[in-house]
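Structural overview for review
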Amino acid sequence: KKSLSTTPLAPANPVELYWERDFVNTEKGCYLGQEGIASVLKNPRGPPRTLYSVIFEDEGNIYDHESEGDNSDVENLTTTPMAGNDLFVLGSNEQIKVGTLTSVADPGGTGEPCTVALALIKRSDSILK
């Protein structure tokens with residue numbers, strides 16, 4: 001069985017999580033981490049990663065645990081999304097990583113046939129390096 005690709009997450013900067021509006025005071029004098037926050041806010045390219053919501057359509061996916069024992073000639077590589085899973089550019093054969101899932105809700109938890117997750121995604125100019 002194919003192993004899932006997972007990467008430990010580096011600590012997120014408050015700007016990557018959109019917390020600067022409510023939790024970061026840019027007018028205050030000195031505080032722990034001020035230089036790091038200031039450099040991200042002043043960077044014209046923006047933060048190195050950004051938090052996005054990701055929706056997996058469950059209706060169109062048959063996950064690997066649902067197809068066990070179906071005697072199919074084709075191996076099912078569609079795995080249930082889990083926190084820590086890497087995300088790749090579509091069609092890159094898992095060669096170009098764009099981000100990592102940070103958390104995943106229960107499938108169908110919204111009442112819709114989908115699974116909602118959060119992911120930290122690299123800014124586009126950092127992906128193809």
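Refer to the structure presented above.
The text that follows walks through the structure, step by step, so that each part is easy to find. (Residues numbered from 1 in each chain as written. Predicted model: local features only at pLDDT ≥ 70, side-chain atom pairs only at ≥ 80, totals over all residues. Heavy atoms only, no water.)

1. A few points about the overall build of the chain
The criterion, for reference: Counting from the N terminus, the helices are DSSP H or I runs at least four residues long and the strands are E runs at least two residues long. Working definition: with a 1.4 Å probe on protein chains only, accessible area under 20% of the residue-type maximum means buried, over 50% means exposed, and in between means partly exposed. Between two residues, a contact is recorded if the distance between any of their heavy atoms is within 4.5 Å. Here, Shrake-Rupley sampling with a 1.4 Å probe gives the accessible areas, and only protein chains in the shown set may cover a residue.
Scanning the chain from N- to C-terminus turns up three helices and four strands. Listed by position from the N terminus, the elements making up the chain come as α-α-β-β-β-β-α. Expressed as a percentage of the 129 residues in the chain, the buried residues total 27%. When contacts within the chain are restricted to residue pairs at least 6 apart in sequence, those whose partners lie at least 24 apart make up 55%. As displayed, the chain has an accessible area near 9000 Å², and 55% of this comes from carbon and sulfur atoms.

2. Considering the sheet that holds strand 1 (residues 49-57)
We count it as follows: At least two bridges found by DSSP between two strands are what make those strands a pair. Under this scheme, a helix contributes an axis fitted over its contacting stretch, all axes are lines through C-alpha atoms, and angles between N-to-C directions fall in the 0 to 180 degree range.
Taken together, the four strands give an open sheet; going across it, the order is 1-4-3-2, and neighbouring strands pair in antiparallel fashion. On the outer flanks of this sheet lie strand 1 and strand 2 (86-88), each paired with one strand and no other. Between one strand axis and the next, the sheet turns by 40 degrees as a mean value, whatever way the strands run. As judged from the five bridges shared by strand 3 (residues 97-104) and strand 4 (residues 114-122), these two strands associate in the antiparallel manner. Looking across to strand 4, one finds that T100 is bridged to L120.

3. Focus: the nonpolar core
The following threshold applies: Nonpolar cores were defined as sets of buried Ala, Val, Leu, Ile, Met, Phe, Trp, Tyr and Cys residues, with membership established by side-chain atoms within 4.5 Å.
Within the largest apolar cluster, eight residues are counted, these being V54, F56, L87, V98, L101, A117, A119 and I121. Among the elements of the structure, strand 1, strand 3 and strand 4 are those that each provide at least two residues to this core. Residue contributions to this core peak at three residues, all from strand 4. Every residue in contact with A117, bar those within four places of it in the chain, is listed here: Y52, S53, V54, F56, L101, S103 and V104.

4. Notes on the environment of T80
Residue placement: T80 occurs in the loop between strand 1 and strand 2. What makes T80 partly exposed here is its relative accessible area of 24%. Taking the C-alpha atoms as reference points, T80 and F56, 24 residues apart in sequence, are found 9.4 Å from one another.

5. Side note on the environment of P81
Take P81: it is sitting in the loop between strand 1 and strand 2. Relative accessible area serves as the criterion here: at 9%, P81 is assigned to the buried category. For the pair P81 and F56, spaced 25 residues apart in sequence, the C-alpha to C-alpha distance is 8.2 Å.

6. Thoughts on the pairing of strand 4
As defined by bridge partners, strand 1 adjoins strand 4 across nine bridges and the pair is classed as antiparallel. Bridged to R49 within strand 4 is K122.

7. So, the environment of V116
Topologically, V116 is positioned in strand 4. When the C-alpha positions of V116 and P81 are compared, they lie 9.4 Å apart, and in sequence the two are 35 residues distant. Residue contacts for V116: discarding those within four places in its chain leaves V54, V104, A105 and T110.

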